[in-house]
Amino acid sequence: MPITLPKLPYATNALEPHMSRETLEIHHGRHHKTYVDKANELLRGTELEDAALEDIVRRADGKLYNNAAQAWNHDFFWKCLTPEQPPVGSELQRALEQHFGDVDAFEKKFTEAAAAVFGSGWAWLVRTADGGLEIATTANGDTPLSDDQTPLLTCDLWEHAYYIDYRNDRVQYLQQFFPLVNWEFVEQNLLAPARGGRRAAQAVGEQPKFH
Ligand code: FE
């Protein structure tokens, strides 16, 4: 079963003025779609053809990994955003306070880490294998799903995410990202059971990698 381009969970103009309709149309309709199409092209005829996207990300390598991971990252990114921001839930607030001081301090650290990424990539809030919270960054299409980490929140740092609205000003984009964060989704991820990473998947199933 091919990977599908998921529908956006809101209208393309719903995130304005923080993120424009044009950005969403191009980012979702062209960039995200291209990763989905490319991954499907590369999947055809392989043993991973019928696997779920998350499994493909954990088991693939090379070009297929890059495109499948980008398809997964984008799907997760859209879910991290909402036009009607809910308040930070009590469990999430407690966890952010414990690890970063408070919510503002977390946003500041996340922004600093995201701003420091050289070139394209992603900034993440992840739950580590021992249950702690960490801010992580990945380069290009890489994703923490590859490790034993559970992604809770992500921000797309590729210029295609912000060039139309903010030109090359990533920090301004990050400032406009936080009013859109779906804290309810982040808390759901915090409370969800561990997904098990690439290493875990290999240890259990000893699955071969596919190029
Ligand atoms: Fe993107």
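Conventions used here
Residues numbered from 1 in each chain as written. Predicted model: local features only at pLDDT ≥ 70, side-chain atom pairs only at ≥ 80, totals over all residues. Heavy atoms only, no water. Domains from an automatic or database assignment. Buried area = accessible area lost by both parts, 1.4 Å probe. Salt bridge = Lys/Arg side-chain N within 4 Å of Asp/Glu carboxyl O. Polar contact = N/O pair within 3.5 Å; in protein donor to acceptor, adjacent residues only side chain to side chain. Helix = DSSP H or I, 4+ residues; strand = E, 2+ residues; numbered from the N terminus. Donors = N, O, S within 2.8 Å, 3.2 Å for Na, K, Ca; no water. Tetrahedral: all angles 85-135°; square planar, octahedral: opposite > 155°, others 65-115°. Buried < 20%, exposed > 50% of the residue type's maximum accessible area, 1.4 Å probe, protein only.

1. Focus: the domain arrangement of the protein
We note that the domain assignment places domain 1 (21-79) and domain 2 (90-191) within the protein. Summing both sides of the interface, domain 1 and domain 2 together bury roughly 1700 Å²; the carbon and sulfur share of this comes to 66%. A per-residue breakdown of the area domain 1 buries against domain 2 is headed by T23, F76 and F77, which together make up 33% of the total. In this assembly, domain 1 and domain 2 are joined by zero salt bridges. Viewed at the interface, domain 2 and domain 1 are joined by eleven residue pairs in polar contact (both at pLDDT 80 or more).

2. A look at unusual backbone geometry
The linkage connecting E16 with the following residue, P17, adopts the cis geometry, with an omega of 5°. Located in the positive-phi region is N140, a residue other than glycine, with phi close to 50°. Among the secondary structure elements, N140 is positioned in the loop between β2 (133-139) and β3 (150-156). The phi dihedral of R167 is positive, around 50°, even though this residue is not glycine. Following the sequence through the fold, R167 ends up in the loop between α6 (163-166) and α7 (170-177).

3. Some remarks on the coordination of the iron ion
By definition of the ideal shapes, four donors in a tetrahedron about a metal sit 109.5 degrees apart, and six donors in an octahedron sit 90 or 180 degrees apart. Looking at the iron ion, one finds its protein donor set to be H27 (NE2), H74 (NE2), D156 (OD) and H160 (NE2), positioned 1.9 to 2.1 Å from the metal centre. Around the iron ion sit four donor atoms, and with donor-metal-donor angles ranging over 89 to 128° the site reads as tetrahedral. One chain supplies every donor for the iron ion, spaced along it as H-x46-H-x81-D-x3-H. In this pair, H27 is assigned in helix α1 (residues 21-43) and H74 in helix α3 (residues 62-79), connecting sequence segments 47 residues apart. Each of the two residues, H27 as well as H74, counts as buried.

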